[in-house]
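Residues per chain, in single letters:
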Amino acid sequence: MEYTQLGRTGLKVSRLVLGTMNFGPQTDEATSHAIMDTALDVGLNFFDTANVYGWGEYKGRTEEIVGSWFAKGDGRRDRTVIATKVYGNMDADGEAWPNHDKLSALNIRRAVEGSLKRLGTDYIDVYQFHHIDRATPFEEIWQAIDVLIQQGKVLYAGSSNFPGYKIAQANETAARRGSVGLVSEQCLYNLYERRAEMEVIPAAQEYGLGVIPWSPLHGGLLGGVLKKEAGGKRRTEGRAAATLADPVARRQFQAYEDLLDKHGLEPGETALAWLLTRPGVTGPIVGPRTPEQLTSALRALEVELSEELLAALDEIFPGPGPSPEAFAW
């Protein structure tokens, strides 16, 4: 396993991040435990979750599954860097009382206690804001986080789905307070969806945040979806079906699969390996439903992409270009 430091911190994390969102809704507890055991056995030490995972009436269930795995002992908690998130309301019916969601100091205090209980731990390594809160000033947010850090309940704070200007605003406010500020940003980023390169990733690099891409296969579209569809192994639905309904996008994915077939590479592993070449990226989140999917994702660490192939991928899925030149000149 390869390790890197999370942004400007001294915290060492694996270059793949284990996403747990499927634990509970799609993967039962025993299988979830087996996946986490396999991850830790191969040195994958960075796990990502959120208080709302489990969804609907089962919100919090994913954290509980991770917590029951920690409870097995044998150094599991000590060897794991656990990241969870705060923002969404935790009421099963989605109707929150006032102050039961978002990033007020009151809700941060309430939410962290809930996550600590479900995870069965006394501290969270990386506590992430799941979304921006337009109503709560960063002065209040950092006051709440600083208290948690002083209490030893949180070590670092990160963001998720933040635009570049909010990363800047958050860390400039933290600097004025003498606070550490954000150390990571979890954003939608993959070969097909590269808008993060315009502002989010440059802001993260400028302020020393590690970038943690979610949906690295863009809902499976970068995992060889057309070949699987043709072979009857996959039925394309939802966002994937809507994307492939666009003839331009469909031609892009076909060209992508044809290129990798020519080079003898697996699409999903290549999409992950491409992210590992990107400046500022700590590691993409992989969210396996089965142990076999985790094994496949781990092979991405062994994939080497030539400059020629990287250039060909850029031709198929061009990025937005540098900011501000891409839109100003």
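A. Looking closely at the overall build of the protein chain. When its secondary structure is counted, the protein chain shows 14 helices and ten strands. At 20 Å, the protein chain has a C-alpha radius of gyration in line with the 20 Å of a compact globule built from 329 residues. Split into buried and exposed, the 329 residues of the protein chain put 52% on the buried side. Long-range contacts, defined as pairs at least 24 residues apart, comprise 77% of the intrachain contacts of the protein chain with a sequence gap of at least 6. If you sum the accessible surface of the protein chain, you get close to 15100 Å²; carbon and sulfur atoms cover 49% of it.

B. Spotlight on the confidence of the model for the protein chain. This prediction gives the protein chain a mean pLDDT of 96; 99% of its residues lie at or above 70. Averaged pLDDT values for the elements of the protein chain fall to 86 in helix α9 (residues 238-244) and rise to 99 in strand β6 (residues 124-129).

C. Summary view of the packing of helix α10 (residues 247-263) against helix α13 (residues 307-316). Their axes nearest at 10 Å, the elements α10 and α13 cross at an angle of 165°. In terms of axis orientation, α10 runs roughly antiparallel to α13. Here α10 and α13 pass one another in a crossing that is right-handed. The segment α10 lies against α13, with Gln-252, Ala-255, Tyr-256, Leu-259, Leu-260 and His-263 engaging Leu-309, Ala-312, Leu-313 and Ile-316. A per-class count over the contact of α10 with α13 returns eight nonpolar, two polar and no charged.

D. Just the environment of Ala-111, in detail. Position of Ala-111 relative to the elements: it lies in helix α4 (residues 105-119). Its relative accessible area of 10% is what places Ala-111 among the buried residues. Sequence-wise, Ala-111 and Ala-297 are 186 residues apart; in three dimensions their C-alpha atoms are separated by 32 Å. Excluding residues within four positions of it along the chain, Ala-111 makes contact with Asn-51, Val-86 and Tyr-127.

E. Quick look at the sheet that holds strand β10 (residues 285-286). One open sheet accounts for eight strands, arranged β9-β8-β7-β6-β5-β4-β3-β10; its pairing is parallel. In the strand order of this sheet, the two ends are held by β9 (210-214) and β10, each with one partner. One ladder, built from three bridges, connects strand β7 (residues 154-160) with strand β8 (residues 182-188); its direction is parallel. If you follow Ser-159 over to β8, its bridge partner there is Glu-185.

F. Broad picture of the side chain of Asp-146. Tracing the backbone shows Asp-146 in helix α5 (residues 138-151). Looking at Asp-146, the relative accessible area reads 15%, which means it is buried. At 3.0 Å, the side chain of Asp-146 forms a polar contact with the side chain of Arg-177. Setting aside its immediate chain neighbours within four residues, Asp-146 contacts Arg-177 and Ser-179.

G. Just the nonpolar core, in detail. The biggest cluster of nonpolar side chains holds 81 residues, and the ones touching the most others in it are Tyr-127, Phe-129, Trp-142, Ile-145 and Tyr-256. Not counting chain neighbours up to four residues away, the residues in contact with Ile-145 comprise Ile-108, Tyr-127, Phe-129 and Ala-157. Leu-6, Val-81, Ile-212 and Ile-285 belong to the second largest nonpolar core, which has eleven residues in total.

H. Looking closely at the pairing of β9. In terms of residue burial, β9 counts as a mostly covered element, since four of its five residues are buried. Bridge count between β8 and β9: five bridges; the pairing is parallel. Across the sheet, Cys-187 pairs through a bridge with Pro-213, a residue of β9. Between β8 and its parallel partner β9, the chain crosses via helix α7 (residues 200-206), and the hand of that crossover is right-handed.

I. Seen up close, the packing of α4 against α5. Look at α4 against α5: their axes get within 9 Å of each other, and the N-to-C directions meet at 35°. Here α4 and α5 pass one another in a crossing that is right-handed. Of α5, the residues touching α4 (which contributes Ala-105, Ile-108 and Val-112) are Glu-140, Ile-141, Gln-143, Ala-144, Ile-145 and Leu-148. Of the residues assigned to the contact of α4 with α5, the class counts are seven nonpolar, one polar and one charged.

J. How the structure looks around the pattern of salt bridges. Evaluation of the coordinates by the stated rule reveals 15 salt bridges. Ionic pairing is found between Glu-197 and Arg-194, a salt bridge with its closest N-O pair at 2.9 Å. A single burial state applies to Glu-197 and to Arg-194, both of which are buried. Several salt bridges share partner residues, and in doing so they unite Arg-194, Glu-197, Arg-278 and Asp-314 into one network.

Parameters at a glance
- Every chain is numbered independently, its residues counted from 1 as its sequence is written.
- Side-chain atom pairs in this predicted model are given and counted only at pLDDT of 80 or more, local residue features only at pLDDT of at least 70, and totals for whole chains, interfaces and linings cover all residues.
- Computation of side-chain values covers all heavy atoms of the structure but excludes hydrogens and water.
- Put simply, DSSP marks the helices as runs of H or I at least four residues long and the strands as runs of E at least two long, and each gets a number from the N terminus on.
- Here the globule rule is a power law, 2.2 Å times the number of residues to the power 0.38, and the radius of gyration is based on C-alpha atoms.
- Each residue is placed in one exposure class: buried if its accessible area under a 1.4 Å probe, protein chains only, is under 20% of its type's maximum, exposed if it is over 50%, and partly exposed if it falls in between.
- Contact definition: two residues touch when any of their heavy atoms are within 4.5 Å.
- Note that accessible areas follow from Shrake-Rupley with a 1.4 Å probe, and for residues the cover is restricted to the protein chains shown.
- How sure the predictor is of each residue is captured by pLDDT, a score from 0 to 100.
- All axes here are fitted lines through C-alpha atoms, helices being fitted over the stretch that makes contact, and every angle between N-to-C directions spans 0 to 180 degrees.
- When an angle is under 35 degrees it counts as roughly parallel; over 145 it counts as roughly antiparallel; between 65 and 115 it counts as roughly perpendicular; any other value is oblique.
- By definition, turning the near helix anticlockwise from the far helix through less than a right angle yields a left-handed crossing, and turning it clockwise yields a right-handed one.
- Note on residue categories: nonpolar means Ala, Val, Leu, Ile, Met, Phe, Trp, Tyr, Cys or Pro, charged means Asp, Glu, Lys or Arg, and polar means any other residue, Gly included.
- For two strands to be treated as a pair, DSSP must find at least two bridges joining them.
- Side-chain atoms alone can form a polar contact between residues adjacent in sequence; in general such a contact is a pair of N or O atoms within 3.5 Å, and within protein one must be able to donate a hydrogen while the other accepts it.
- In this description, a nonpolar core means a group of buried Ala, Val, Leu, Ile, Met, Phe, Trp, Tyr and Cys residues linked to one another through side-chain atoms lying within 4.5 Å.
- Classification remark: right-handed applies to a crossover when, strands pointing away from the viewer, the course from the first strand over the helix to the second runs clockwise.
- Throughout this description, the term salt bridge denotes a Lys or Arg side-chain nitrogen within 4 Å of a carboxyl oxygen of Asp or Glu.

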